[in-house]
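Residue-level structure breakdown
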Amino acid sequence: MIIKNKSKQWRFIPLSSIWFQDLPEDISLDGYRIDNVIHYTDLIISIYFGIVVAALLYFIIRYRASLGNKAVYDKGDKKKNIIITACLGLLVFLSVDAVIEAMSFKDLREAFWNFPDNEKVVRIEVMPQQFAWNFRYPGPDKVFGNEDDIIPAQNQMHIPINRPVVIQLASWDVIHSFYLPNFRIKQDATPGMITALWFQATKTGVFDIACAELCGNSHYKMLGYLTVEKEEDFEQWLIDNSPEDLGMADEWDEWDNDEQEDAGIPEDWGWAWKELK
Amino acid sequence: MMEYKKNNFWKYYIFSEDHKIIGKQFMWLGLFFLFFGGLLAMLIRWQLGYPEQPVPLIGNWMWPGDGGIINPDIYNQMFTMHGTIMIFWAITPLLIGTFGNFLIPLQIGAPDMAFPKLNMISFWMMFIASVILLSSYFLPSGSASAGWTSYPPLSSPAGGIPGLGQTIWTIALIFMGASTMMGAINYITTVVELRTTGMDFFKLPLSIWGLFLASILNSIFVPVIAAGLVMLLLDQTIGTEFFLAGRLASGDPGDPLLFQHVFWIFGHPEVYILILPVWGIVSDLLSVFSRKPAYGYRVTAIAMSTIVALSSLVWGHHMYTTGMSPLLGKSFMFLTLLISIPSSMFFLNWLGTLWKGKIYFTIPMLFAVGVIWVFGLGGLTGLYNATVTADIYLHDTMFVVGHFHYTLAASVMFGSFAAIYFWFPKMFGKMLNPILGKIHFWGSFISLNFVFFNMMALGYAGHHRRIYNPLEYTFLKPLANMNEWISIFAFLLGIFQVLFLINIIWTLWFSKQCKPNPWNATTLEWTIDYPIPHGNFEVSPIIYNGPHEYSRPDVKDRDWLMQNEYIQT
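These numbers come from a predicted model, not from an experiment.

About the thresholds
Residues numbered from 1 in each chain as written. Chains lettered and ligands numbered in written order. Predicted model: local features only at pLDDT ≥ 70, side-chain atom pairs only at ≥ 80, totals over all residues. Helix = DSSP H or I, 4+ residues; strand = E, 2+ residues; numbered from the N terminus. Rg over C-alpha atoms; globule rule 2.2 N^0.38 Å. Buried ≥ 20, exposed ≤ 12 C-beta atoms within 10 Å, placed from the backbone. Contact = placed C-beta atoms within 7 Å. Pairing = 2+ DSSP bridges. Axes fitted to C-alpha atoms, helices over the stretch in contact; angles between N-to-C directions. Domains from an automatic or database assignment. Expected span 1.5 Å × (residues − 1). Arc of directions from axis to C-beta. pLDDT = per-residue confidence, 0-100. Nonpolar A, V, L, I, M, F, W, Y, C, P; charged D, E, K, R; others polar. Left-handed = near helix turned anticlockwise from the far one by under 90°.

Looking only at helices and strands, one finds 16 helices and 0 strands in chain B. Relative to the globule expectation of 25 Å for 569 residues, the C-alpha radius of gyration of chain B, 24 Å, shows essentially globular dimensions. Structurally, chain B occupies a C-alpha span of about 75 × 55 × 45 Å along its principal axes. For chain B, the proportion of its 569 residues judged to be buried stands at 62%. Considering only residue pairs separated by 6 or more positions, chain B has 80% of its internal contacts joining residues 24 or more positions apart.

Below, the structure is given as structure tokens:
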């Protein structure tokens, strides 16, 4: 398809950019589980839809009136018909629904709802506001809500590679949703309640954090950056951002701080980590 | 039999108590909003396909201050109003308003609705709701912009949506709910009480089954959303805090999640309210144009009823990412997946109806067969969203948008179009032009598949919903071409709908009156000549046969037998 663009030039939109898109790169420990259930569903519904379409096409071509067919007076309400229909319905349920249900429940039990609780866990509190992400790290004492908490610049989240990250969320104002496409996860942040999720990164790099729940006119700009880095870099980053250290990095942070004030970074965090069952 | 006086213009055409006139009033209202909502969709697609470029033709005239570019505020208002209008002001009046009114008394052999005056008030309540809704466009701050789901706190002033638009939206929806409620009570009473002699429940056409079941759902769940909306209205106006919590609440906190529960307890049955009449209509039309009884009629009717019962137990699948308890998540997933059993049963019955039939590809039949395709895809892709883990990824992405456009936009619109093409001869005495109809069908069918399938592909790649400019995100940049393709086909889809409008106008002006039963159908409405008088039947008909007596071997000279024809067996 050829179309005129902004600069009034004709250009070509590639045909390959229709019908199919790959899932984004998966860089998480458990993302493959979601990819698997999605791919199984892809396969099985393609088969069933293929059968339906094949039957549909065959019937409408084979039994069209212009061929001089005679309709058969068949109400399909004999016991035999009903049993066959019911069995096919059950077959669909067992081959599609039961399988994806089993896969999903297993993944929830083993991964998504099985929160890790060990030394290696990195705990982070996330508090979204219109239209930015605030993060809080517990600092050296591993306890939230005291002086040594680390609150880095807005929209900047750093995590170490190959360590489980547990996140608790609560919203500052309206409902937001913490969405990491490359980790296949998403969790709403709602005012007045604390929600949680966990994940583990398997690759370093910088990835997008998006807000998936409509939160106002700049919802589309509520973009954060998740930096996955090596253990040492992460520790260094924590030190660079710890409250005592901020004075030393004046030159850099002055500009940053101005921006933070404009955006209204919450002075008073207002909630702290809660042990969830 | 009741006597009906000939009334003056006002009493006959405007404040009419005749169900057929009221049905037509709903149709014009629905069509107006269908095109209005469609225009909004075109503008939304422009912004997504060509982000922040001036809208051609109307941009400079609509938004001179922004150089013809849609700004984020306007964009949010557009998709909010698009969703609201399409669901409550286009589909609901087109299917339930129009065909509920027009078909129920005619097909069950009743002189009119059980409560004709209530019926008239129902339409005018809807009209008032429409005026209220549209009035928000004249506010300086514009219309509502918190999405059709309108979750608080965003939809309350505390959450930062400025202005009256959101309040007006809530009030309009409460009026709309009142109108729907009146209709539902009327339809249920009429079907239960006014069926003519011999019209058992299992002799009702499946269209009536669909409309009847939809009305039952409406009568149960509209009050739920009405209660929620009144609470929301109080939050918006007098400062209560039902749905506010955290920093936005001053006293004891309310609960934003409560609204989501209330909304989806109604909202999920709502999608079945919209699709049930389509299932019924499609089942009937497939039978008419295959010249063959609807396969497994009773199974279809019972499957539809089962889905009605299940549909009220599955709302939680809209809320998997809210942090609900694992036990609830699993239960909702299981209950949701159960729906696939009755759904696949009636779906198979549709194919069974075509099997060994004598298929005529009239325009209504094309649309009915189209529904098999689009509803098949829409239904199957629901599986991803029902699965807790897959939904963690796909929730609130364009995948969901593509999925529900297949079920609601494509299936329901095709069902409505099929119904309009099919019953137009009974409503207006004229047959819509089949050539324009064919172009309308094929154009819509092809372009809608490009639009909605590719939306699902976008969601697959992670594209989240309701974002003004996808190019803000690194992971969405490669999708720009796909977004552009979707927009091009969306514009085509829009253009093909204009043909439909032209067809209606052309036919009403220029076509000649057609035969009273042009499709050789068997249901009661085809026994009466156009124009059908107020009061419908001269003599109350007596029913001997089921609704789909086609190609009966003991009927010799033709292949159909009317429901009120008695033959010796």
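In a beta sheet, neighbouring strands pair by backbone hydrogen bonds and run either parallel or antiparallel. All names here are of chain A. Read across the sheet, 5 strands follow the order β5-β11-β10-β7-β8 without closing on themselves; strand pairing throughout is mixed. Of all strands in the sheet, those with a lone pairing partner are β5 (156-160) and β8 (185-189), marking the two edges. Neighbouring strand axes in the sheet, compared pairwise and without regard to direction, differ in orientation by 25° on average. Relative to strand β10 (residues 205-211), strand β7 (residues 176-180) is paired through 2 bridges, and the arrangement is antiparallel. Within β10, the position partnered with F178 by the bridge is C211. Sheet strands touched by helix α3 (residues 231-241): β5 and β11 (224-229). Its angle to β5, the strand with the most contacts, is close to 140°.

Next up on the list: the domain arrangement of chain A. For chain A, the assigned domains are domain 1 (31-112) and domain 2 (122-244). On a C-alpha basis, the centroid separation for the pair domain 1 of chain A and domain 2 of chain A is 42 Å.

With that out of the way, let us pick up unusual backbone geometry. What is expected of a backbone is that most residues other than glycine have negative phi and most peptide bonds are trans. Between Q130 of chain A and F131 of chain A the backbone carries a cis peptide bond, its omega angle lying at 0°. Cis rather than trans, the peptide bond between P152 of chain B and P153 of chain B has omega equal to 0°. Its location among the elements puts P153 of chain B in the loop between α5 (116-135) and α6 (165-193). A positive phi angle, close to 65°, is found at N155 of chain A, a residue other than glycine. Tracing the backbone shows N155 of chain A in the loop between β4 (132-136) and β5. Of note, S150 of chain B is a non-glycine position whose phi angle comes to about 50°, a positive value. Residue S150 of chain B is classed as buried on the basis of its 25 C-beta neighbours within 10 Å.

Once that is clear, we can look at helix α10 (residues 326-338) of chain B. With 13 residues, α10 of chain B extends 18 Å from end C-alpha to end C-alpha; this agrees with the ideal 18 Å at 1.5 Å per step. Among the residues of α10 of chain B, G329, F332, M333, T336 and L337 of chain B are the ones counted as buried. Down the axis, α10 of chain B shows its buried residues gathered within 125° of arc, on one side only. Exposed and facing more than 90 degrees away from the buried side of α10 of chain B are L327 and L328 of chain B. Elements in contact with the buried residues of α10 of chain B: α2 (79-112) of chain A together with α11 (340-354), α12 (363-386) and α13 (388-394) of chain B.

Another point: the confidence of the model for chain B. This prediction gives chain B a mean pLDDT of 93; 98% of its residues lie at or above 70. Predicted as a complex, the structure gets a pTM of 0.93 and an ipTM equal to 0.91.

Below, the discussion takes up the interface of chain A and chain B. The interface is formed by 89 residues belonging to chain A together with 95 residues belonging to chain B. With 18 residues, the single largest contributor to the side of chain A that touches chain B is α2 of chain A. Considering only residue class, the side of chain A that touches chain B consists of 50 nonpolar, 21 polar and 18 charged.

For the rest of this paragraph, the subject is the pairing of β7 of chain A. Along a regular strand, successive side chains alternate from one face of the sheet to the other. All names here are of chain A. Within β7, 5 of the 5 residues are buried, which leaves the element mostly enclosed by the surrounding structure. Residue alternation in β7 divides its side chains into two sets, H176, F178 and L180 and S177 and Y179, and both sets are buried. Both β7 and β8 contribute to a ladder of 5 bridges, which runs antiparallel. In the sheet register, S177 faces β8, and the bridge partner there is D188. Linkage of β7 to β8, two consecutive antiparallel strands, is achieved through a turn of 4 residues, within which R184 is found at a positive phi near 65°.

What follows is about the sheet that holds strand β3 (residues 122-129) of chain A. Residues and elements named next belong to chain A. The 4 strands are arranged β4-β3-β6-β9 in an open sheet whose pairing can be described as mixed. Each end of this open sheet is capped by a strand with a single partner; those strands are β4 and β9 (195-200). Within this sheet the neighbouring strands show an average axis-to-axis angle of 30°, counted without direction. The pairing of β3 with β4 spans 5 bridges and is classified as antiparallel. Looking at the pairing, M127 lines up with N134 of β4.

Attention shifts here to the packing of helix α4 (residues 72-108) of chain B against helix α14 (residues 398-428) of chain B. The relative placement of two packed helices is expressed as an angle between their axes plus a distance between the axes. Residue and element names in this part refer to chain B. Between α4 and α14, the shortest axis-to-axis distance is 10 Å and the interhelical angle comes to 35°. The crossing of α4 and α14 is left-handed. Between α4, through I91, L94, L95, F99 and F102, and α14, the contact on the second element is made entirely by L408, V412, G415, S416, A419, W423 and M427. The class makeup of the residues in the contact of α4 with α14 is 10 nonpolar, 2 polar and no charged.

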